[in-house]
Amino acid sequence: MIQKITINPQSGKAFTLKKGAILTVIDPKGQQVSDMVLFNAHDTHEKISSGKTLDFEESILITKGNFLWSNRSQKMMEILEDTNGRNDFLLAPCSPETFQIMYNNHEEHPSCLNNLQTNLAPFGIHPDEVPTAFNIFMNVQFDPKGKISVLPPTSKSGDYVQFKAEMDLIVCLTACSAEDSNGGTFKPIEYHISEA
Ligand SMILES: [Zn+2]
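This is a predicted model, so every value here is computed, not measured. (Residues numbered from 1 in each chain as written. Predicted model: local features only at pLDDT ≥ 70, side-chain atom pairs only at ≥ 80, totals over all residues. Heavy atoms only, no water.)

### Regarding the coordination of the zinc ion
Move 1: Ligation of the zinc ion by protein atoms is provided by Cys94 (SG), Cys112 (SG) and Cys176 (SG), these donors lying 2.2 to 2.3 Å from the ion.
Move 2: Motif for the zinc ion, donor spacing along one chain: C-x17-C-x63-C. Within this pair, whereas Cys94 is found in the loop between β7 (75-82) and α2 (96-103), its partner Cys112 is found in helix α3 (residues 112-120), the two being separated by 18 residues in sequence.
Move 3: Residue Cys94 is classed as buried on the basis of its relative accessible area of 7%.
Move 4: With a relative accessible area of 0%, Cys112 lands in the buried category. (Donors = N, O, S within 2.8 Å, 3.2 Å for Na, K, Ca; no water. Helix = DSSP H or I, 4+ residues; strand = E, 2+ residues; numbered from the N terminus. Buried < 20%, exposed > 50% of the residue type's maximum accessible area, 1.4 Å probe, protein only.)

Have a look at this one:
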């Protein structure tokens, strides 16, 4: 029996993943984004790179069959399955400033960036080292002129994306805290790991 772990709404979790292990990230209720960042477990200066991934995969829509690449041009993960089929790799994790700049909301607000930074600190990762995340289930649309809009995820309850580790990794996942990215409500994210 594989143990399923829950990430509570507007929070995050970090863990190690051995090369060859399979990580399954599930949207249990539907319409919930999970930001994911990756670091080489043996040298945390190597980390997931949006630019390298979009370049080598020759697409801005990353899904089943694609690899996630590092800033040193190494494969970090392969996407084995994607039942929803829509993810984003353009936008940086939501941060306290996101809510101030885009929504003029100056109240205290949880954010993916804070949740990534807090959960990665015990692994010795400096807050400024958190890269652009692979935004699982995030529905970012763009028109031919390049205008971007963030729409509610198309994911339904039980949709999942399955990743195989191509190196020993530190992984951090969130349940995203931004109203607009998640159809206006905050839900949990679930994941499980099957070891190689
Ligand atoms: Zn977020």
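### A short note on the layout of surface pockets
One water molecule sets the probe size; rolling that probe over the atoms shows where empty space is left.
Move 1: Approximately 320 Å³ is the volume found for the largest pocket.
Move 2: In this structure, the largest pocket is lined by 17 residues; those nearest its centre are Leu91, Thr98, Met102, Met138 and Val150.
Move 3: The residue inventory of the lining of the largest pocket, partitioned by class, reads 11 nonpolar, 4 polar and 2 charged. (1 Å grid on protein atoms, 1.4 Å probe; cavity = no way out; pocket = protein on both sides within 12 Å on 5 of 7 lines; lining within 4 Å. Points joined across faces, edges and corners; volume = space filled by probe spheres on them. Nonpolar A, V, L, I, M, F, W, Y, C, P; charged D, E, K, R; others polar.)

### Quick word on the packing of aromatic side chains
Move 1: Scanning the entire structure with this criterion turns up 5 aromatic pairs.
Move 2: Note on Phe89 and Phe134: the rings are 5.3 Å apart at their centroids and 80° apart in plane angle, and the pair reads as edge-to-face. Taken together, the positions of Phe89 in the loop between β7 and α2 and Phe134 in strand β8 (residues 134-136) put the pair 45 residues apart, joining distant regions of the chain.
Move 3: Residue classification places Phe89 among the buried positions, given a relative accessible area of 1%.
Move 4: We classify Phe134 as buried; its relative accessible area is 0%. (Phe/Tyr/Trp six-rings, centres within 6.5 Å; stacked < 30°, edge-to-face > 60°.)

### Regarding the pairing of strand β3 (residues 22-27)
Move 1: In terms of burial, β3 is largely enclosed, as 5 of its 6 residues are buried.
Move 2: Sheet topology note: the β3/strand β13 (residues 189-194) ladder contains 5 bridges and is antiparallel. By the bridge assignment for β13, Val25 is matched with Tyr191. (Pairing = 2+ DSSP bridges.)

### A short note on unusual backbone geometry
Move 1: You will see that Gln31, though not glycine, has its phi angle at about 60°, which is positive.
Move 2: Residue position: Gln31 is located in the loop between β3 and β4 (34-40).
Move 3: Gln31 gets classed as partly exposed once you look at its relative accessible area, which sits at 32%.
Move 4: Located in the positive-phi region is Glu58, a residue other than glycine, with phi close to 55°.
Move 5: With respect to the helices, strands and loops of the structure, Glu58 is situated in the loop between α1 (50-57) and β6 (67-69).
Move 6: In this structure Glu58 comes out as exposed when scored by relative accessible area, which is 74%.

### As for the side chain of His109
Move 1: Along the chain, His109 turns up in the loop between α2 and α3.
Move 2: His109 gets classed as buried once you look at its relative accessible area, which sits at 12%.
Move 3: Side-chain polar atoms of His109 contact the side chain of Glu179, separated by 3.1 Å.
Move 4: Those residues in contact with His109, other than ones at most four positions away along the chain, are Gln10, Phe99, Ser177 and Glu179. (Polar contact = N/O pair within 3.5 Å; in protein donor to acceptor, adjacent residues only side chain to side chain. Contact = heavy atoms within 4.5 Å.)

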